[in-house]
Amino acid sequence: MAFLELINTRQSVRKYSLKPVEPEKLQRCLEAARMAPSASNSQPWRFIVVQEEPLRTEVAKATFSGAVKFNKFTMQAPALVVMLLEKPRMLNRIAMLLKKKEWKLIDIGIAAEHLCLQAAEDGLGTCMMGWFNEHEIKKALNIPSDKTVGLVISLGYAEEGYPLRKKIRKPVEEVVSYETFKAR
Ligand SMILES: Cc1cc2nc3c(=O)[nH]c(=O)nc-3n(C[C@H](O)[C@H](O)[C@H](O)COP(=O)(O)O)c2cc1C
C-alpha cells in the first residue's frame with residue numbers, strides 16, 4: 001500500500017469479528033511498535049498483549065464503567081494491547097524537567113501509531129484508548145507500581161461490512177502555515 005493510502009485506511013475500529021489475530025500479524029504489529037523512535041532512544045515502553053480469558057475480559061471491562069459506555073466494544077476485541085510507560089532514565093527526566101516537555105508521551109504515541117499502521121497494512125483494525133481504569137488494569141495484569149498505563153489498543157478484524165469512514169480532519173489551511181505563525 002502507498003503510505004498515504006495506508007494512513008487513510010487506518011481508522012478507529014469499534015466493532016470486531018470473532019476471528020482471532022494470526023500470531024505472525026501480531027508479531028509484525030509489535031515489531032513496528034518496538035522500532036519506533038523515542039527521545040534519546042529511551043524506548044520508555046512495554047507492551048502487554050492480552051488475549052486469554054479471563055484477563056482479556058477484565059482489561060476490557062476496565063475501559064468502561066457506569067455511565068461511560070463508549071469503550072464497550074473492547075468486549076468483542078480478540079486482543080488488547082496494554083502499553084506501559086516506563087520511568088525514563090535520570091538524564092531524560094532532567095532534560096524533560098528543564099524543557100518542560102513530556103517526551104515519553106510523544107514516544108508512546110509514535111509507537112502506538114506504528115502498531116496501528118502495521119495492523120492496517122495487514123487488514124486488522126485497531127482503536128487507541130486513553131480512557132480506562134488504570135488501577136484495575138494494573139491489578140489484573142500484575143503491573144508494578146512504578147509503571148504507568150499509557151494506552152490500551154484494541155486489535156482484531158473489523159466486523160464484516162464495517163465501513164471505511166471519511167476522515168474528519170481540520171482543513172490544511174487551519175493547521176499549516178509557512179515561515180511564521182499565522183493567526184486564524
Ligand atoms: C490518545 C488517544 C486516546 C483515545 N482514546 C479513545 C478512547 O478512549 N475511546 C475511543 O473510542 N477512541 C479513542 N481514541 C480514538 C480517537 O477518538 C480517534 O483516533 C479520532 O476520533 C480520529 O478517528 P480515527 O482514528 O478513526 O481516524 C483515542 C485516540 C488517541 C490518539
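Residues numbered from 1 in each chain as written. Predicted model: local features only at pLDDT ≥ 70, side-chain atom pairs only at ≥ 80, totals over all residues. Heavy atoms only, no water.

Undergrad: How would you explain the overall build of the chain if you had to name every residue and give the values?
TA: The helix and strand tally for the chain stands at 7 helices and 4 strands. When its helices and strands are written in sequence order, the chain yields α-α-β-α-β-α-α-β-α-β-α. For 184 residues, the compact-globule estimate of 2.2 N^0.38 gives 16 Å, and the C-alpha radius of gyration of the chain, at 18 Å, lies within 12% of that figure. With the principal axes as the frame, the chain shows a C-alpha extent of 50 × 40 × 35 Å. Looking at the 184 residues of the chain, the share that counts as buried comes to 41%. (Helix = DSSP H or I, 4+ residues; strand = E, 2+ residues; numbered from the N terminus. Rg over C-alpha atoms; globule rule 2.2 N^0.38 Å. Buried < 20%, exposed > 50% of the residue type's maximum accessible area, 1.4 Å probe, protein only.)

Undergrad: Lay out the site of the ligand with the relevant residues and their values.
TA: The immediate surroundings of the ligand are formed by 15 residues, with Ser-12, Arg-14, Asn-71, Gly-130 and Arg-169 found nearest. In the environment of the ligand, a nitrogen atom lies 2.7 Å from a nitrogen or oxygen atom belonging to the side chain of Asn-71. For the ligand, a nitrogen atom lies 3.0 Å from a polar atom in the backbone of Met-128. Across the complex, the protein chains shield 60% of the 620 Å² of accessible surface that the ligand would expose by itself. When residues in the shell around the ligand are grouped by element, the largest group, 3 residues, is from strand S3 (residues 125–129). (Near = heavy atom within 4 Å. Polar contact = N/O pair within 3.5 Å; in protein donor to acceptor, adjacent residues only side chain to side chain. Areas by Shrake-Rupley, 256 points an atom, 1.4 Å probe, with all protein chains shown as cover.)

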